[in-house]
Amino acid sequence: MGDAKPMNEAEGNARAGKEEIASGAEVLQAMLKTAKAFRMYLPNNPLRKKFIDEATEKMSAHLRRYGQFQLDVEQFTIYYGGTSIHENRDAKESIAFRLYSDGIRSLLFREGIRHDEISDFLDIVGQDRPADTDDDIVTLLWIKDFPHIVYLLAEDFLEADEGKGAMPTVTSQKVGIRKAYEVPPEASTQQAPRNIEPITTEQAAALQKETAAEEARDPLQEVLKVLASILAGETDLGMFQEFLEIVENLIGNLLHAGRTGEVLRLIRYLQKLERSASVAPGKRELIRSDSGKYIPADAVLALQKVMEGAQDFPVEDLPDLFRYLGPRHMKEICELLGTIQQMKMRKAAISAVVEVGKGNPRVFYPFLRDQRWYLVRNIVLILNLLGDRQSLDAVAPLASHPDLRVRKEVFAYLLKHPDPRARTAVIGFLQDESPPLRIRTLQILAAAKFTPALKAVEEMIAAKDFAEKPVQEKYALYEALGALGGDSVVPQLQRMVMKRHWLNRFKEGEVVACAVAGLKKAHTPAALEALRQAEAKRKGGELETLIARALKEAEKDGGGPISSGEDA
Amino acid sequence: MSSGTNPQQQLDRELIRLGKGLNIQLFVLMKTAQNYPEGHSALSGPVRQILSAVRDIHRRNEEASLRAHAGHLLVGEIRLKPDAVGIESFLYTLAMMKRFQIGGIHFGQAVTSQDIIQFAYVLKEFEQSWGGEEAFARLAARMRDRLIKAIELEPLVEEGESEVPEGLSEVDQQARSRRIYLQTVSATAEVMENAKMGQTLRLRKSKRVVQTMIDQLLAYETSLLGLTTIRCHDEYTYNHSVNVCILSLALGQRIGLGKARLCELGMAALFHDIGKSEIPPELLNKPGEFTPEEWKTLQKHPVLGVRALMKLKGLDLVNARLITGSFEHHRNFDLSGYPQYPYRRVSLFGRIISIADCYDALTSSRVYHRTPLPPDKALRLMLDKAGMAYDPILLKVFVNCIGSYPLGTLLRLNTGELGVVVDNAAELFLWDRPQVRIVADQGGNEADGGIVDLSTDGVRTIVETLDARHFGIDTSVYFL
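Positions within a chain are numbered from 1, following the residues in the order the chain's sequence is written. Here every chain gets a letter starting at A, and every ligand a number starting at 1, in the order they are written. Local features in this predicted model are restricted to residues of pLDDT 70 or higher, and side-chain atom pairs are both shown and tallied only at a pLDDT of 80 or more, whereas totals for entire chains, interfaces and linings draw on every residue. Each side-chain value is derived from all of the structure's non-hydrogen atoms; neither hydrogens nor water enter the calculation.

Student: Help me out: how do you make sense of the confidence of the model for chain B in this one?
Tutor: Caution is warranted with low-pLDDT regions, since their predicted coordinates should not be read in detail. Residue and element names in this part refer to chain B. As a per-residue measure, pLDDT reflects the predictor's confidence and takes values from 0 up to 100. When pLDDT is averaged along chain B, the result is 83, and 88% of the positions lie at 70 or above. Per-residue pLDDT, averaged within each element of chain B, yields its smallest value for helix H8 (residues 221–226) (77) and its largest for helix H15 (residues 348–362) (94). The low-confidence segment residues 1–5, where pLDDT is below 50, has 13 contacts with residues more than four positions distant or belonging to other chains. What makes two residues a contact is simply this: any of their non-hydrogen atoms within 4.5 Å. Within the model, pLDDT remains below 50 along residues 160–167, and this stretch shows nine contacts once partners closer than five positions in the same chain are excluded. Secondary structure counts use DSSP, requiring at least four H or I residues in a row for a helix and at least two E residues in a row for a strand, with both numbered from the N terminus.

Student: Would you mind showing me how to read the sheet that holds strand E3 (residues 78–80) of chain B here?
Tutor: To summarise the sheet geometry, strands pair through backbone hydrogen bonds and adopt either a parallel or an antiparallel arrangement. Residue and element names in this part refer to chain B. Across the sheet, five strands lie side by side as E3-E2-E1-E4-E5; this open sheet has antiparallel pairing. Both outer strands of the open sheet, E3 and strand E5 (151–155), are each paired with one neighbouring strand and no more. On average, adjacent strands in this sheet sit at an angle of 30 degrees to one another, irrespective of strand direction. Two strands pair when backbone bridges link them, and strand E1 (residues 65–69) and strand E4 (residues 102–107) are joined in this way by three bridges, in the antiparallel orientation. Directly across from arginine 67, in E4, lies its bridge partner glycine 104. Between N-to-C directions, angles cover 0 to 180 degrees, with each direction set by a line fitted to C-alpha atoms, over the stretch in contact for helices. Together, E4 and E5 form the strand contacts of helix H5 (residues 135–145), whose direction differs from that of E5 by roughly 165 degrees. The rule for pairing is simple: two strands pair if DSSP sees at least two bridges between them.

Student: Sorry, what's going on with the domain arrangement of chain B here?
Tutor: In many analyses, interface size is given as the accessible surface area lost on bringing the parts together. All names here are of chain B. Throughout the structure description, domain borders are defined by an automatic or database domain assignment. Per the domain assignment, the segments of chain B are domain 1 (7–155), domain 2 (170–402) and domain 3 (410–479). The straight-line distance from the C-alpha centre of domain 2 to that of domain 3 is 28 Å. If you look at the interface, domain 2 gives 18 residues, while domain 3 gives 13 residues. In this description, buried area is defined as the sum, over both parts, of the accessible area (probe of 1.4 Å) that is lost when the two are combined. Taken together, the two surfaces of domain 2 and domain 3 that pack against each other cover about 1200 Å², and 48% of this comes from carbon and sulfur. The largest per-residue losses of area from domain 2 upon contact with domain 3 belong to Thr222, Thr229 and Asn400, which jointly make up 31% of the total buried on that side. Note on definitions: salt bridges are taken to be side-chain nitrogens of Lys or Arg within 4 Å of carboxyl oxygens of Asp or Glu. Scanning the region where domain 2 abuts domain 3 turns up zero salt bridges. As used in this structure description, the phrase polar contact means that two N or O atoms lie within 3.5 Å; if the pair is within protein, one of them must be able to donate a hydrogen and the other to accept it, and residues adjacent in sequence are counted only when both atoms belong to side chains. Connecting domain 2 to domain 3 are one residue pair in polar contact (both at pLDDT 80 or more). Taken together, the elements giving at least two residues each to the side of domain 2 that touches domain 3 come down to helix H6 (170–196), H8, helix H16 (375–384) and helix H17 (392–402). Tallying contributions element by element places H17 first for the side of domain 2 that touches domain 3, with four residues. Residue classes in the side of domain 2 that touches domain 3 are distributed as seven nonpolar, seven polar and four charged. Amino acids outside the nonpolar list (Ala, Val, Leu, Ile, Met, Phe, Trp, Tyr, Cys, Pro) and the charged list (Asp, Glu, Lys, Arg) are all regarded as polar, and Gly is one of them.

Here it is in structure tokens:
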């Protein structure tokens, strides 16, 4: 490294006068400003160049005058000539702290230093880097091998521990030499070959190719191969379980790092081992029972970042991922569902979760009370897809959820549910604040011939606010009335269809249309007869067409009640 | 981060590339001239390449010259560092220039193919002679006779006995190597003790000493390699790990790995046996042979090493290398080694460490083998297994690196003296004539007869190699 040594204050004072120290301080300030500029501006920003030019100029001037520029480093302070010229106690910002943490105790800049050396040096020391990683400051400086910058480390001042017994003591070899002379030279001793065979051009080319490939190789991939090999080959179950834990910890770290490709590789490999008949049963059982056990919850949640950048994450990978994480991490997966905005990703995630959640739908229930409407919606959908019957009591109250999208999902759930209570709960949607949902409810109830809803329908028709309802809803109400009431409502509807409203033609049209809709849906012989009579009465009028069409359609349908199919 | 390439650096790199090419083609031309007469078409290829390189250099306003200085070859003022591809040509040129006392070969702008061919044949004429004081003058005169004007020679400047760059004396560099060696042992011990106790592994100190070791290796390879002859026989120590590190780095440097990769290789080599921290010390230190059960326990250490590293360190780039190094170093090139788990291919680092590990193990009594072999015998044994246990190309480079008489080999000379190999000859084809320290005179008396270069000595030759251990001679003391 170099022959500079950190100085004590007395030495420093003797060596550096005030002017020199002032110059040193100026140089350091210029360097610090430049380091900051590197963090703030992109490489092509002209301001960066301005700062580096200034720092180089000041450094060069100082070196021309004083020959060298040496800085001594303590934890938060930088010294020149024994005098403190910079202090910063903010560990995040302090360049002294950064250098000190990495073990640097002294820096020496020599005459002849180039612009690019200063620039690269500041680029390295200016960034906040953890000390015990691959790209720590000292390693980067060492790799750069700046010809005019020398650094001293704390380790350089430690004496090597000679107590380890590593070095033999130098003793006389007299005895051994004597013994060697007592033995005559052996004729049969094999001689080394005269010439060492040099490597051929082809061999050199192969080596060069391999060395170049080594530069690009990702060592992590090699580690994955090693771990896979151990998992496949290890026969001791105790050791196998240890490595299973190691692999899962690694999966956790990889999830945090967003390296889902490697995560999937490992998971698929484990799944392959678990399925393979040639793998010992004990190992397969361990994989089955322990899958996800050692992966921390926060690692699973870290998937959020990856899933948000969905273009980089193939959705077809989700089932494998969730299948593995699944039973133990359903809570975290549900949390993730609460964050996914993208439609395609959401669909894939839900589909994957459904597959995984089959065995234990109860794990989803707590999320039905979540604040996030889209999570609640997704969970209801999942429960619906799972065909989970047990969750009715948890889902039904969501019929009054503030978000329409959730209520729609709940509606679909209730429609599918075989429990009669679900049907009753559907009736509640007749009071929903959304007209389309009310209309849909009426249509479903009508199609299903769910007669318990008749009373509610009649009440809605008789209610004061009926007149304000949209016309489509009015029709739907009367259709439902007809379908659910059958013959019992035919007289009422017949009266409506026959009545003349002399003073309000518009109202007459609407009333007749509603009645016609009801009679058509009632579809009984009496209802059809009422329609025929209405047609005859209104011959020549504009409502005749409406009635005739309804009658035709009803007769075409062949009469009799329509089968109650549920439209989920 | 800035790319760190300015125009000057780029030019330097270009010149190095052109200089290496020029040197290689000059070598090829010389070899071709050995086998073909002047004017043969076989010469046209290398001549064309030389002309092209010379012109490219001139186009960059630089001097198209090859110079020898302090054991280095330079193009202009820039030092050429040999790699696996060019090592032979590099050594050949240096040897040739030394023999003829040539300090520099300058190719002028007006150089023609005819000049180059004639130059090659002038050198061929002088090839058989061993140089001497008049060599340069005669060579220069012959070139004048042949009217070779566009190629100029400059005489070799007298160099000191110890050709040590950067002003460090031989004693200083040995002291520095010793210090680095001890620091590395100390750093290794610290990590291994932490591993034994199941504590988090902190590798910063080790990384620093490996970096220092690489710097030392690049500058003074022999002084560090010589320390690998140290054998501690009483108990398991960390010397073996450090030796494997040094040997691996020497090999890695020779095949052209960059500094960053060398650092990773050094770390992986240093901790290749970290799994042994979980093997009972009484087993590691057991005198005598191991039982099959004991072997089985010992053979677990690669996997135990992986476990320790994963649990105690987590995963980053350096640790990834350590993990593969621990797992692979006994796998063998043909995957016949252990652990016998399904695995496709041993990585480059794994193959390098495997060679270094085995060589040090064979020459030591404390690492698996109860009877250590002399270095040259160890190499022969390994060469017999090239392609099976060891990567054949890497093994060849390794042998080229440490010589057919590796450092520390005890020799009996024709004069009756005993010598210890302390360095190889500069010329590759003279590596059966190493530099030796005379340790005993012809009367059998211990002596410090200084270092003799057998490639130039003219009197001494090697009669046989001796098993130093057999006689109780510790050759490592000659490197301290």
